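Structural overview
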Number of protein chains: 2
Amino acid sequence: MPRLTITELTTLASTALAASGASESMARITAKYLVAADAQGLATHGVARVPTYCAHLKSGRAKGTAVAHVIRDSGAACLIDADTGLGFEPCELALTQAAQRAQSYGIGFAGVTNSHHCGALGPLIEPVAARGLVALAFSTAPAAISPWGGKRPIYGTNPVAAVFPRRAAPPLVVDLSLTQVTRGQIMLLQNEGKPIPEGWGMDKDGNPTTDPNAILNGGSLHAVGGLKGTMLALAVELICCALTGAVLSHQLESLHLAEGTPLRLGQAFIVIAPASLAGNDIYNERVEALVEAMLQEEGVRLPGERRHRLAQEAARDGIAIGAPLLAQLRALARG
Amino acid sequence: MPRLTITELTTLASTALAASGASESMARITAKYLVAADAQGLATHGVARVPTYCAHLKSGRAKGTAVAHVIRDSGAACLIDADTGLGFEPCELALTQAAQRAQSYGIGFAGVTNSHHCGALGPLIEPVAARGLVALAFSTAPAAISPWGGKRPIYGTNPVAAVFPRRAAPPLVVDLSLTQVTRGQIMLLQNEGKPIPEGWGMDKDGNPTTDPNAILNGGSLHAVGGLKGTMLALAVELICCALTGAVLSHQLESLHLAEGTPLRLGQAFIVIAPASLAGNDIYNERVEALVEAMLQEEGVRLPGERRHRLAQEAARDGIAIGAPLLAQLRALARG
């Protein structure tokens, strides 16, 4: 597979997005986070998304001239209107806002409405940890999970993430969707013509299935852990939509359609300043004590550790990109 | 089984706690929430806990004369020292504080340190919804869950709860522990001499087991959903302990020991005011649209619905209490 440096890949992705109508800052910020995901080994949430984003910019499902701005300010909490542009720029603004508010008031909240896909939440919230702050993140996505006892998908995959800074080490990063597996994992087996394991999802009539097509065509994904994951998906849905005014997951059209209505999905970020509560010394002592207890056993890995190792390797060796995707990105960049 | 009215049972529980050394307010507030849990059908988190709490009050694991107070105030965030008293009074104070701050600043955070068991989180956070506020709650508990890849329990059962008010209906309540099942469910099968299903936990050597004794004696409980639930348990651990200064779950002695060191566990509450973000009208419209979509399918229940129905029945018919527990409470109340 061809390899590009992080700078080369970022420039390529950014140029492709700009050629499809994204503003300079939208293209640059989107490319930065997509490449960060690739560097961390999250290829399903990396530059592989650029062709879809470009299609949305061209069809108007995402607005290239959008300017995200704060539409409501309540002290420690604020609401940001993404103006139906791509999701990364408004989410970065939201994290900056929430972090500033956490530094002033101990905690800060920023909700984002009228937003688009924001990729993996981990790379978005990690910069906050570099400032010694704890962050929690939530996002919706087009409907994937059925309510417990139901057959029709209502809740999104509804990812949840958290980042905890460490004094002299990369932060701990928890970053997961509330489905048992991602759609990407199912598509992978679909492409290979293979069945999927039991317990991943249901067909459109609510029956368990091992046929990837039956899940992807009107079926639904199981929430992680059954009832409990389903309840958490409902909570994320309301945090991201009811507080912000974003459109509910089941009212959104699929992310994979090139044409359609703007996505208008919701994200929410909570940032907390340890210095405002028990203080940084106690915070750091507890984090290190937990890490030490975890690492006393062989086989235990810290959350985020693998991503940080891969990111270091990518900074040194570049990122491998499949030749067909690379050709597609180059064609898009030529406009 | 004997039946007591809610008032009778609350008075009995409160008298038992006071006779064991709890202050008037500690006894009253603890009894109120325990009986609320019984009324909602959560008997494992109801007055069945009173004998252990009384033992702790007598042995000094919980301090009957404790006065919870705010030790750090940062505007929207505050930290409360429970002074090693029972957990309900400081948690009620924390929710009052977080709600006031949410009304002033849009969001409020209150952490609790040096705390004791706080029972089910649902009944604690529901009153906040009556004021039109959204609340999230987190608690630790003595270690139950092993890190992914490990054998030794490090994280507590680490419950998570959320409450979402509705305009003209009881709130939606999500309230769950991050274990696949509760210890109580395992103890029930232990008492009946039955094996447990596979997938509930591991023995002390990290092997899967169907023997309840092997889990309860030094083994660990599986997190809900495997790796993902384990990651969430880690996040709850740090939110409740690193931010507040509470003792980490694996450094706590079991809740079930009558004698031992004070528990010093941690809780955290986040309250958000919908009025400060998209506004109450949009909030209510989104909540009702989601509820309507969920209820279009037969077999779907709203989270909290069963609890509210049972609480109404309990208000009318009283609460059934096993004769041995009732005798025990009466003996404790006589002092």
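Right, let's walk through the structure included here.

So, how was this worked out
- Residues numbered from 1 in each chain as written.
- Chains lettered and ligands numbered in written order.
- Predicted model: local features only at pLDDT ≥ 70, side-chain atom pairs only at ≥ 80, totals over all residues.
- Heavy atoms only, no water.
- Least-squares fit on C-alpha atoms with pLDDT ≥ 70 in both.
- Contact = heavy atoms within 4.5 Å.
- Phe/Tyr/Trp six-rings, centres within 6.5 Å; stacked < 30°, edge-to-face > 60°.
- Axes fitted to C-alpha atoms, helices over the stretch in contact; angles between N-to-C directions.
- Helix = DSSP H or I, 4+ residues; strand = E, 2+ residues; numbered from the N terminus.
- Parallel < 35°, antiparallel > 145°, perpendicular 65-115°, else oblique.
- Nonpolar A, V, L, I, M, F, W, Y, C, P; charged D, E, K, R; others polar.
- Salt bridge = Lys/Arg side-chain N within 4 Å of Asp/Glu carboxyl O.
- Buried < 20%, exposed > 50% of the residue type's maximum accessible area, 1.4 Å probe, protein only.
- Buried area = accessible area lost by both parts, 1.4 Å probe.
- Polar contact = N/O pair within 3.5 Å; in protein donor to acceptor, adjacent residues only side chain to side chain.

1. Examining the relation of the copies chain B and chain A
Put simply, the second copy of the chain is the first one after a rotation about an axis and a shift along it. The operation relating chain B to chain A is a screw motion whose rotation component is 180°, with 0.0 Å of axial translation and a residual RMSD of 0.0 Å. The superposition of one copy onto the other is thereby described by a two-fold rotation axis. Closest approach to the rotation axis among the C-alpha atoms of chain B is made by B:Gly225, whose C-alpha sits 1.9 Å away. A share of 100% of interface residues in chain B that are also interface residues in chain A marks the association as one of identical surfaces.

2. A word on the packing of aromatic side chains
Two aromatic rings, taken as a pair, are described by how far apart their centres are and by the angle between their planes. What the rule picks out here adds up to five aromatic pairs over all chains. Grouped by ring-pair contacts, the aromatic residues A:Tyr33, A:Tyr53 and A:Phe88 constitute a single cluster.

3. Structural notes on the packing of helix H2 (residues 24–39) of chain B against helix H4 (residues 88–105) of chain B
Packed helices, taken two at a time, are described by the angle their axes make and the gap between the axes. All names here are of chain B. The interhelical angle for the contact between H2 and H4, taken along N-to-C directions, is 80°, at an axis separation of 8 Å. Considering the angle they form, H2 stands roughly perpendicular to H4. Contacts between H2 and H4 involve Ser25, Met26, Ile29, Thr30, Lys32, Tyr33 and Leu34 from the first element and Phe88, Glu89 and Glu92 from the second. Looking at the contact of H2 with H4 residue by residue, the class counts come to five nonpolar, two polar and three charged.

4. Focus: the pattern of salt bridges
For the coordinates displayed, the defined rule picks out 22 salt bridges over all chains. A salt bridge links A:Arg28 to A:Glu24; its shortest N-O distance comes to 2.8 Å. Of this pair, A:Arg28 and A:Glu24 are both found in helix H2 (residues 24–39), four residues apart, which corresponds to roughly one turn of the helix. Relative accessible area serves as the criterion here: at 43%, A:Arg28 is assigned to the partly exposed category. With a relative accessible area of 54%, A:Glu24 lands in the exposed category. Residue B:Arg101 pairs with B:Asp73 through a salt bridge whose shortest N-O separation is 2.8 Å. Pair noted here: B:Arg101 is in helix H4 and B:Asp73 is in strand S2 (residues 69–73), with a separation of 28 residues, a long-range link.

5. Quick word on the interface of chain B and chain A
Each partner contributes to the interface: chain B provides 73 residues, whereas chain A provides 74 residues. When the buried area of chain B at its contact with chain A is split by residue, B:Lys228, B:Leu243 and B:Leu277 rank highest and sum to 12% of it. In this structure, the connection of chain B to chain A is made through zero salt bridges. One can count 26 residue pairs in polar contact (both at pLDDT 80 or more) joining chain B with chain A. For the side of chain B that touches chain A, the element with the highest residue contribution is helix H8 (residues 227–241) of chain B, accounting for nine residues. Counted by class, the side of chain B that touches chain A contains 47 nonpolar, 17 polar and nine charged residues.

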